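Fold and geometry: a report
What follows is each chain in one-letter form.
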2 protein chains.
Amino acid sequence: MSQNNITLKELAKILDVSISTISKALNDSHEISEATKTKIKELAKLHNYQPNKLAINLKSGKTKTIAVLIPSIQNYFFAKVLLGIESVVAKSPYNIIIGITNESYEDEKENLQKLSNGIVDGFILSVAEETQIKQEFNHFKNTNKPIVMFDRVVKNMTCDKVMVNDFDSVYEATVDLIKNNRKNIAIATTINNLSVIKHRIEGYKKALSAHLNQVEFDLIVEEPLHLISDKLTNILKAKKIDAIISLDEFASLAVLKTVKQNNFSIPSEIALIGYMDEKVATYLTPEFSTIDQNGVQIGEIAAKTLIDRLENKALEPQEIIIKSTINKKATTN
Amino acid sequence: MSQNNITLKELAKILDVSISTISKALNDSHEISEATKTKIKELAKLHNYQPNKLAINLKSGKTKTIAVLIPSIQNYFFAKVLLGIESVVAKSPYNIIIGITNESYEDEKENLQKLSNGIVDGFILSVAEETQIKQEFNHFKNTNKPIVMFDRVVKNMTCDKVMVNDFDSVYEATVDLIKNNRKNIAIATTINNLSVIKHRIEGYKKALSAHLNQVEFDLIVEEPLHLISDKLTNILKAKKIDAIISLDEFASLAVLKTVKQNNFSIPSEIALIGYMDEKVATYLTPEFSTIDQNGVQIGEIAAKTLIDRLENKALEPQEIIIKSTINKKATTN
DNA sequence: TTGAAAGCGTTACCAG
DNA sequence: CTGGTAACGCTTTCAA
């Protein structure tokens, strides 16, 4: 562990020149002669001079730091988005600060406040579940930093948004099942209250009403993770079901397990498709058909959008939609 | 979006008092009369005054920010550690900056440099794979900030370390299999070059030599993820195997799938145990027996250790070992 | 009880 | 080409 970093002042003292000369030389100013430049640069290198970022930030009013607020880390989707954000930011002069809101409104608000006082230049975030339930969005407006929302966005806020075509994807997946002669299609989720989940369910309903003239929807299973398996078992016993669409990662795992436990053969008796990490899906038996949100891409676009805004404030607020990909594997036909 | 934050200077102007008076009043100094204090505080609240963190940081030389450098985010283990770190840090005045090193030495070095210039007070990190291969650790020594290493640590560096009892855990798991009459135990990993993996393999070897007098070890499968399944299939066809221990998350998934594909019954013919996220393990069929590294706890301890060091530099370097937990489920007996 | 001034480390303007 | 000075927003010592 070395000493604290050497400063311009100390370098100036050593060479008996002014601080401004040192500063200019190290910034390759044309005002300084080549001779002194090289002399100063050598000394700086010798002492391993590193400019104090804090001072630069204070001076410039910028920090080249982006805050990413995600509701949860126990979730491949957000991990992938983070990966996408990181890959773009790593190639830029920016850093990432991460905050986990634990789906809590208070945590989200606190993170926003804590980071708005000069620490970061802008935010990339996905709205916490509790915030969506409360419909309380003032904390977003009370920061003077630009925000890019992804996946879970606030409809009536003007800011950049990177969204997913939830409605269309599930509509398409449902229609595909129908075309393969599935008529009794259930849907399962461990998450409520999220607009993205609601859009997915709407896509499902629309497909059923448009293609099967179905008007009542009694095969929608919304239960927390620890209950969903039992609930599903009851339904599987009570009704004929030939396909299940699962709307989140853990619902997908639970559905697969439950259907196997009840000894239905997949996909001949029951077809399965749902939201899940591709890599995990590949290693399940049978390989799980997925709706892939393309999280990495979402992260990349979100990061690019925020950096663009930070560098050029004049842009119109963007609303970008990233299409999900349907990857049919062994649980559908 | 509001204006930029109001400053002490501006508040001072409004009330026609000095900047120092404002500063002291807002910091509840006893030097200021109650009357002016309340007046100033009200005005500050009215204007939603937020002290500029950057200025405070520059003044104090501290940032109350911790950097966490992880090799990968596509990995439940690191996600859990992050969760543990975050839960501790959220209750403190500190923030977290995250960097992902992508198992690359260069990325790791760059992150360390980028963040050492005043941006963070200290680091929590797990060494990148490439760094371990290169055995190049000077970038860790060249920062003047305290480091807490977890899981993948550098043996010959004096710094705080939070480690896992890799040798013992796999030794124990192996012995348990032996006691259940498994004599042909294979081991599978998709990762090489990591000391933690080497320790795990040593634990396996020691158990076999101590309890079965085995001296040759030809059932060690070290292959990248895309090859491991084929390699394992060959071995399953060529040799009698009655148990497999898998040393990382994706190896565990691959092993389970491959054994099923080759129509061995689990656990009667082949028992399985390995490193994997508990929650995922529960949703596999059959439920997977795991060695759980207790990542959340590792994160918590690492964060506490670093904060302790930042608040009190006098401490001796700590080496803390977090014991892994063996959770037997349906793939062992 | 209040205020002036120095200082944290840097950049940028203006003189010389 | 080089140097002095002010400034970013804050805290802190010392003086009044």
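So, here's what we can say about the structure. Small disclaimer: the values here were computed from a predicted structure and weren't measured. (Residues numbered from 1 in each chain as written. Chains lettered and ligands numbered in written order. Predicted model: local features only at pLDDT ≥ 70, side-chain atom pairs only at ≥ 80, totals over all residues. Heavy atoms only, no water.)

It is worth spelling out the protein's contact with DNA strand C at this point. Around DNA strand C, the surrounding shell holds 25 residues, and the nearest of these are Leu 8 and Tyr 49 of chain A together with Thr 21, Lys 24 and Lys 59 of chain B. Counting only atoms of DNA strand C within 4 Å of the protein, the sugar-phosphate share comes to 59%. Contacts to DNA strand C include Asn 27 of chain A, whose side-chain N or O atom sits 3.5 Å from a phosphate oxygen. A distance of 2.3 Å is found between a base oxygen of DNA strand C and a side-chain nitrogen or oxygen belonging to Lys 24 of chain B. Breaking the surface near DNA strand C down by element, the ones donating at least two residues are helix 1 (8-15), helix 2 (19-26) and helix 4 (53-60) of chain A together with helix 2 (19-26) and helix 4 (53-60) of chain B. (Near = heavy atom within 4 Å. Polar contact = N/O pair within 3.5 Å; in protein donor to acceptor, adjacent residues only side chain to side chain. Helix = DSSP H or I, 4+ residues; strand = E, 2+ residues; numbered from the N terminus.)

Thr 21 and Lys 24 of chain A together with Leu 8, Ser 23 and Tyr 49 of chain B are the nearest of the 25 residues found near DNA strand D. Close to the protein, within 4 Å, the atoms of DNA strand D are drawn from sugar and phosphate at a rate of 60%. Interatomic distance of 3.2 Å between a side-chain N/O atom of Glu 31 of chain A and a base oxygen of DNA strand D. One of the backbone nitrogen or oxygen atoms of Leu 8 of chain B is found 2.7 Å away from a phosphate oxygen of DNA strand D. Of all the secondary structure elements, the ones that give two or more residues to the surface near DNA strand D are helix 2 and helix 4 of chain A together with helix 1 (8-15), helix 2 and helix 4 of chain B. A total of four residues in the surface near DNA strand D trace back to one element, the largest contributor, which is helix 2 of chain B. Here the surface near DNA strand D is built from residues that sort into nine nonpolar, 10 polar and six charged. (Nonpolar A, V, L, I, M, F, W, Y, C, P; charged D, E, K, R; others polar.)

If you look at the interface, chain B gives 59 residues, while chain A gives 59 residues. Here chain B meets chain A over a buried area of about 5500 Å², counting both sides, of which 59% is carbon and sulfur. Where chain B packs against chain A, one counts two salt bridges. We note a salt bridge from Lys 257 of chain A to Glu 287 of chain B, for which the minimum N-O separation is 2.5 Å. Those elements that place two or more of their residues in the side of chain B that touches chain A are helix 4, helix 5 (76-90), strand 2 (95-100), helix 6 (105-116), helix 12 (249-261) and helix 13 (278-282) of chain B. With eight residues, the single largest contributor to the side of chain B that touches chain A is helix 5 of chain B. Partitioned by chemical class, the residues of the side of chain B that touches chain A number 27 nonpolar, 20 polar and 12 charged. (Contact = heavy atoms within 4.5 Å. Buried area = accessible area lost by both parts, 1.4 Å probe. Salt bridge = Lys/Arg side-chain N within 4 Å of Asp/Glu carboxyl O.)

This part takes up the sheet that holds strand 8 (residues 243-246) of chain B. Residues and elements named next belong to chain B. The mixed open sheet is built from six strands, whose spatial order is 7-6-8-9-10-12. Every other strand in the sheet has two partners, leaving strand 7 (220-222) and strand 12 (325-327) as the edge strands with one partner each. Averaged over all adjacent pairs, the angle separating strand axes in this sheet is 15 degrees, with direction ignored. Packing of helix 11 (residues 225-238) onto the sheet brings it into contact with strand 6 (185-189), strand 7 and strand 8, and relative to strand 7 it is tilted by some 160 degrees. (Pairing = 2+ DSSP bridges. Axes fitted to C-alpha atoms, helices over the stretch in contact; angles between N-to-C directions.)

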